[in-house]
Protein chains: 4
Amino acid sequence: MHIGLIGLGRMGGNMRARLREHDIEVTGFDQNPAVTDAASVADLVATIPTPRIVWVMVPAGAITDSVIAELGEHLEAGDLIIEGGNSRFTEDLRHAEELSAKGIEYIDAGVSGGIWGHENGYGLMVGGKTEQVERAMPVFDALRPEGPRDEGFVHAGEVGAGHYAKMVHNGIEYALMQAYAEGYELLDKREDIIKDVPGTFKAWQRGTVVRSWLLELLVRALEQDPEFEKIAGYVEDSGEGRWTIEEALASAVPVPTISASIFARFVSRQDQSPAMKAVAALRQQFGGHGVKDAG
Amino acid sequence: MHIGLIGLGRMGGNMRARLREHDIEVTGFDQNPAVTDAASVADLVATIPTPRIVWVMVPAGAITDSVIAELGEHLEAGDLIIEGGNSRFTEDLRHAEELSAKGIEYIDAGVSGGIWGHENGYGLMVGGKTEQVERAMPVFDALRPEGPRDEGFVHAGEVGAGHYAKMVHNGIEYALMQAYAEGYELLDKREDIIKDVPGTFKAWQRGTVVRSWLLELLVRALEQDPEFEKIAGYVEDSGEGRWTIEEALASAVPVPTISASIFARFVSRQDQSPAMKAVAALRQQFGGHGVKDAG
Amino acid sequence: MHIGLIGLGRMGGNMRARLREHDIEVTGFDQNPAVTDAASVADLVATIPTPRIVWVMVPAGAITDSVIAELGEHLEAGDLIIEGGNSRFTEDLRHAEELSAKGIEYIDAGVSGGIWGHENGYGLMVGGKTEQVERAMPVFDALRPEGPRDEGFVHAGEVGAGHYAKMVHNGIEYALMQAYAEGYELLDKREDIIKDVPGTFKAWQRGTVVRSWLLELLVRALEQDPEFEKIAGYVEDSGEGRWTIEEALASAVPVPTISASIFARFVSRQDQSPAMKAVAALRQQFGGHGVKDAG
Amino acid sequence: MHIGLIGLGRMGGNMRARLREHDIEVTGFDQNPAVTDAASVADLVATIPTPRIVWVMVPAGAITDSVIAELGEHLEAGDLIIEGGNSRFTEDLRHAEELSAKGIEYIDAGVSGGIWGHENGYGLMVGGKTEQVERAMPVFDALRPEGPRDEGFVHAGEVGAGHYAKMVHNGIEYALMQAYAEGYELLDKREDIIKDVPGTFKAWQRGTVVRSWLLELLVRALEQDPEFEKIAGYVEDSGEGRWTIEEALASAVPVPTISASIFARFVSRQDQSPAMKAVAALRQQFGGHGVKDAG
């Protein structure tokens with residue numbers, strides 16, 4: 001099998017490597033001439049055999065939109081686009097509809113695994129028509145981890161289902177990270193009691209209820225920097241966490257831990273919290289409590 | 001009526017003034033010679049008529065314990081101590097039991113109103129025997145706000161009920177403050193939309209569902225410092241908020257807004273959050289996401 | 001002044017009454033023939049003097065859209081629509097733009113006060129051009145509560161600002177209600193300590209830090225049904241609360257108490273929580289803990 | 001090595017089996033004659049060689065207290081008690097101090113792994129003196145999972161550190177479970193999108209960021225009951241979660257996800273929420289909104 005792959009950044013570049021290691025021929029395109037195989041999207045389309053499969057792995061939003069639009073101009077009826085970026089599932093419905101007018105097929109694929117995916121394989125959640133998913137199965141099989149297919153891959157539903165599942169996956173991920181982080185702070189705060197915080201996390205790796213891959217990564221991080229001296233308590237968030245909460249609101253699903261995780265990240269990025277200025281001001285007003293100067 | 005009052009700080013000093021303005025004779029004692037009326041607790045006890053009423057208004061914990069112990073040595077059977085500080089209600093049960101061995105009566109009184117109480121009167125929640133509460137009613141009537149007695153005073157139950165009610169009052173207070181503060185940040189953040197944040201809060205003072213005394217204080221604070229430039233987003237908390245959550249845990253009562261309010265204060269006092277360092281470290285581990293240097 | 005008013009339900013009907021009591025002539029239209037003054041929107045437009053002012057007070061969403069569209073066909077350049085319903089502020093931008101093509105002016109007005117507004121006046125937050133707001137001031141003055149104008153009315157910014165402010169107002173309102181509710185449960189749960197829960201709330205009405213209009217309403221509710229025996233713990237939510245959280249997400253503003261309030265409502269409406277089924281299943285899996293039969 | 005083991009319930013019984021499989025001789029005692037090896041605690045103490053090691057694995061609280069008190073009467077200086085139950089770490093300090101008066105040594109051991117520990121080994125977190133921990137190492141090595149010792153065992157600090165670490169472990173566990181549960185509800189709610197909820201969880205087991213042992217258990221639970229039809233959304237909690245929050249309060253550590261997890265369990269056990277009755281009552285008061293009859 002020979003496919004096209006657009007976007008050769010941290011994720012796409014690793015995926016090309018893994019695909020090739022699993023005997024999928026890949027022609028990649030990227031704006032960066034140092035990594036690209038094709039001179040242009042048109043060139044990529046001309047290179048791969050028909051009916052074509054092109055995997056799109058570029059930043060969600062405007063860039064994904066423009067890449068899909070450009071592909072729509074070059075591909076033909078019967079070709080297949082697999083959108084593997086972090087798009088919102090509602091975007092997939094739009095993309096699929098636009099492409100279907102030209103007879104171009106569409107699958108959305110949520111991809112998990114980060115920089116470890118090259119080595120471990122990527123967890124895949126896909127949405128689309130059964131026949132298209134089956135057609136692309138050699139690609140999915142090359143990308144997914146070793147082991148039974150259904151432990152690293154799911155055909156979750158029609159178009160959009162892959163990214164919906166990936167969105168929920170990321171919402172869970174946020175809350176899992178926050179859970180370990182709260183535990184870390186509880187251990188770290190009582191250095192009078194816990195003499196070996198990294199060792200405690202390390203010991204949780206086997207036999208305990210909390211063992212997980214994220215725990216292993218936390219152990220790894222603590223081995224590299226046992227008191228997190230080189231790292232600031234400042235955390236970005238990407239769209240999926242926010243979308244998860246928006247979908248929860250739309251479906252009336254209570255998500256207290258997922259939302260707490262996002263809010264903790266928001267606070268982490270604030271130098272001064274306007275809300276807490278207001279609380280401090282209120283305390284001063286009614287109680288005559290001192291406040292800390294902003295200075 | 002002539003009572004003793006121990007503790008003449010921000011609260012006690014104002015209460016003495018209000019009591020005197022309402023024709024209650026007060027002999028006050030404080031460590032601070034500049035404000036005290038009596039030379040010592042013993043002197044205070046000797047000065048006031050029997051059966052005595054002594055109001056204790058000192059910091060909760062060890063100081064309240066020692067003042068009550070000292071009073072226990074000087075008072076006689078039939079005398080009455082009213083503990084008006086911010087004690088935990090479980091302390092009241094202990095105090096009352098110890099004093100009852102000597103025949104000394106005990107009432108716990110939760111007092112709300114802050115520095116405005118002198119002028120507006122204090123909201124009072126008391127616990128104790130009915131005959132003792134009735135005996136002290138002239139004191140409560142002098143301290144409580146104008147208007148119907150039951151709109152500023154409650155005999156909530158036996159000993160401990162006053163401080164339990166005050167504890168819950170303060171838990172609610174924390175969450176109310178946080179609610180307005182979140183609203184403030186939402187208005188403040190969109191200066192492209194809301195051109196007059198202080199004016200918006202001011203306009204909520206009449207007719208709206210959110211009108212309250214705390215809102216009036218927020219309006220006052222914004223009049224003094226419209227962008228909270230002189231105030232840091234750093235907020236202390238006193239014991240009542242934490243006790244409220246502990247009692248909620250003991251009674252299996254979900255208190256998501258009260259706990260969120262306390263946690264927001266904890267975070268506001270952190271220079272660097274250990275938890276968020278851990279989250280940043282995790283993101284870096286799995287995604288290769290950049291982190292902000294602790295530097 | 002003589003204006004049109006479309007929508008004579010619980011809010012609009014009361015507003016017509018208050019306007020008339022304050023010497024504003026009102027021609028109202030409603031689908032309900034029992035309450036309408038005009039036979040149709042066209043009839044209403046024909047009845048009121050030019051340049052016209054028409055207040056729209058119908059359910060947000062599709063109905064508001066269709067009423068504004070219909071008005072757009074009948075009004076003329078220089079006429080003014082005041083949209084007083086619970087629209088999302090983003091809708092206002094769309095409405096204003098569509099109408100401006102015809103020279104029709106637009107103000108958005110957030111209205112607070114519920115069924116009490118007729119008697120107490122309505123808190124008003126408006127967005128729009130200064131000259132239009134001034135033109136409609138007699139209407140705002142009639143609707144707003146007695147007292148200084150700026151304590152019950154704010155011109156918060158351009159079109160959209162009124163509904164943005166109202167949205168935040170409602171977000172705060174949700175969290176305030178939840179705060180009192182958590183306090184209620186904490187008092188209610190310890191009937192061994194608190195012998196008079198309604199009396200405790202009643203006593204908070206004067207002098208305390210937590211006094212507010214919502215507190216007064218809670219006292220009123222407890223007077224009518226002291227143990228809430230006739231009321232289920234089932235709470236609807238309208239759009240504003242959810243929008244507040246969506247805006248908070250868009251602006252990276254942490255809103256832990258507002259979101260907790262919404263989630264508590266979601267849970268209150270669930271017969272069985274899918275999430276808690278999953279937690280129960282997990283406990284059973286690892287601990288052999290018994291589960292409660294769904295039956 | 002030959003040790004005593006008191007408590008042969010779900011945990012203790014499995015631990016006896018695993019110890020014996022790893023060539024540790026065990027004399028067990030339990031109130032249940034069907035499982036006990038010894039007739040009494042005295043009999044057990046008489047049976048095992050000196051200096052003795054006795055592992056205590058009974059319910060935390062009063063039963064642990066009484067077992068340790070009874071052991072204190074029968075053991076001699078130089079003997080060692082390992083307290084492996086779910087005691088609060090503050091209890092360990094008390095136990096160790098009482099026993100040290102008699103020269104009896106004490107180690108606290110947090111044990112994780114549930115009913116799977118027999119097969120997989122138990123994650124162990126211990127607190128105590130280094131020489132005592134080393135003395136008991138054959139027992140720990142028999143109980144802990146295969147693999148490097150430091151991936152299933154930690155000597156976390158002095159007496160109390162083991163149970164402090166276990167308490168934090170359980171706090172994290174609560175939040176992890178809630179995170180997956182929120183994700184489950186988000187998938188389950190959109191059956192229009194996600195056609196295979198169990199399959200989606202199953203697919204997360206390899207390659208994804210959220211893979212964990214709890215995830216595997218959730219997959220297992222969904223295989224047994226794909227829509228959780230036989231399980232009610234009703235979840236108990238044991239002490240550790242509440243203690244975690246109490247310690248967080250004492251140390252001023254924000255724990256929003258851990259507390260959200262506990263509160264979700266509290267709500268799950270309520271037939272009617274008093275708090276939500278109060279919110280419904282408030283809505284009715286100000287907005288004339290209908291309420292659902294308690295009926």
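Residues numbered from 1 in each chain as written. Chains lettered and ligands numbered in written order. Predicted model: local features only at pLDDT ≥ 70, side-chain atom pairs only at ≥ 80, totals over all residues. Heavy atoms only, no water.

### Thoughts on the pairing of strand 5 (residues 105-112) of chain B
Residues and elements named next belong to chain B.
- Among the eight residues that make up strand 5, eight are buried, leaving the element largely enclosed by the rest of the structure.
- Side chains Glu105, Ile107, Ala109 and Val111 of strand 5 all project onto a buried face; the interleaved residues Tyr106, Asp108, Gly110 and Ser112 project onto the opposite face, where all are buried too.
- The sheet contact formed by strand 4 (residues 80-83) and strand 5 spans four bridges and is parallel. In the sheet register, Ile81 faces strand 5, and the bridge partner there is Tyr106.
- At this point the chain moves from strand 4, through helix 4 (residues 89-100), to the parallel strand 5, and the crossover so formed is right-handed.
- Where strand 5 and strand 6 (residues 123-127) come together, five bridges link them in antiparallel fashion. Bridge pairing links Ser112 to Gly123 in strand 6. (Buried < 20%, exposed > 50% of the residue type's maximum accessible area, 1.4 Å probe, protein only. Helix = DSSP H or I, 4+ residues; strand = E, 2+ residues; numbered from the N terminus. Pairing = 2+ DSSP bridges. Right-handed = clockwise from strand over helix to strand, strands pointing away.)

### Considerations on the confidence of the model for chain A
- Across chain A, the average pLDDT comes to 96, with 100% of residues at or above 70.
- Predicted complex metrics record ipTM = 0.96 and pTM = 0.97. (pLDDT = per-residue confidence, 0-100.)

### Structural notes on the domain arrangement of chain A
Residues and elements named next belong to chain A.
- Along its sequence, chain A is carved into domain 1 (2-158) and domain 2 (167-269).
- Contact residues are listed per partner, giving nine residues for domain 1 and nine residues for domain 2.
- Taken together, both faces of the contact between domain 1 and domain 2 bury some 790 Å²; the carbon and sulfur share is 58%.
- Notably, a salt bridge pairs Glu247 with Arg88, separated by 3.3 Å at the nearest N-O pair.
- Counting across the domain 1 and domain 2 interface gives four residue pairs in polar contact (both at pLDDT 80 or more).
- Class assignment of the residues belonging to the side of domain 1 that touches domain 2 gives a composition of three nonpolar, five polar and one charged. (Domains from an automatic or database assignment. Contact = heavy atoms within 4.5 Å. Buried area = accessible area lost by both parts, 1.4 Å probe. Salt bridge = Lys/Arg side-chain N within 4 Å of Asp/Glu carboxyl O. Polar contact = N/O pair within 3.5 Å; in protein donor to acceptor, adjacent residues only side chain to side chain. Nonpolar A, V, L, I, M, F, W, Y, C, P; charged D, E, K, R; others polar.)

### A look at the relation of the copies chain A and chain D
- By a simple turn and slide, chain A fits onto chain D: the slide is 0.0 Å along the axis, the RMSD is 0.0 Å, and the turn is 180°. Classification of the inter-copy transformation places it as that of a two-fold axis. Measuring from the rotation axis to each C-alpha of chain A, the shortest distance belongs to Ser212 of chain A, at 1.9 Å.
- An overlap of 100% is found between the interface residues of chain A and their copies at the interface of chain D, pointing to a shared contact surface. (Least-squares fit on C-alpha atoms with pLDDT ≥ 70 in both.)

### Structural notes on the relation of the copies chain C and chain A
- Overlay of chain C on chain A (RMSD 0.0 Å): rotation 180°, translation along the axis 0.0 Å.
- When the interface residues of chain C are mapped onto chain A, 100% of them are again interface residues, pointing to one common binding face.

### Focus: helix 8 (residues 161-189) of chain C
- With 29 residues, helix 8 of chain C should reach 42 Å at 1.5 Å per residue; the first-to-last C-alpha distance of 42 Å fits that figure.
- Across the 29 residues that make up helix 8 of chain C, a large majority, 27, are buried. (Expected span 1.5 Å × (residues − 1).)

### Some thoughts on the interface of chain A and chain D
- Contacts between the two partners involve 72 residues from chain A and, on the opposite side, 72 residues from chain D.
- Summing both partners gives a buried area of about 6,000 Å² for chain A against chain D, and 67% of it is carried by carbon and sulfur.
- Broken down residue by residue, the surface that chain A buries against chain D is led by Leu186, Arg206 and Val209 of chain A, which jointly contribute 12%.
- Linking chain A with chain D are four salt bridges.
- Glu151 of chain D serves as the salt-bridge partner of Arg206 of chain A, at 2.7 Å between the closest nitrogen and oxygen.
- Contributions of two or more residues to the side of chain A that touches chain D are made by strand 6 (123-127), strand 7 (153-157), helix 8 (161-189), helix 9 (197-203), helix 10 (213-224), helix 11 (239-251) and helix 12 (256-268) of chain A.
- In terms of residue count, helix 8 of chain A provides more of the side of chain A that touches chain D than any other element does, 18 residues in total.
- Looking at side-chain class alone, the side of chain A that touches chain D contains 35 nonpolar, 22 polar and 15 charged residues.

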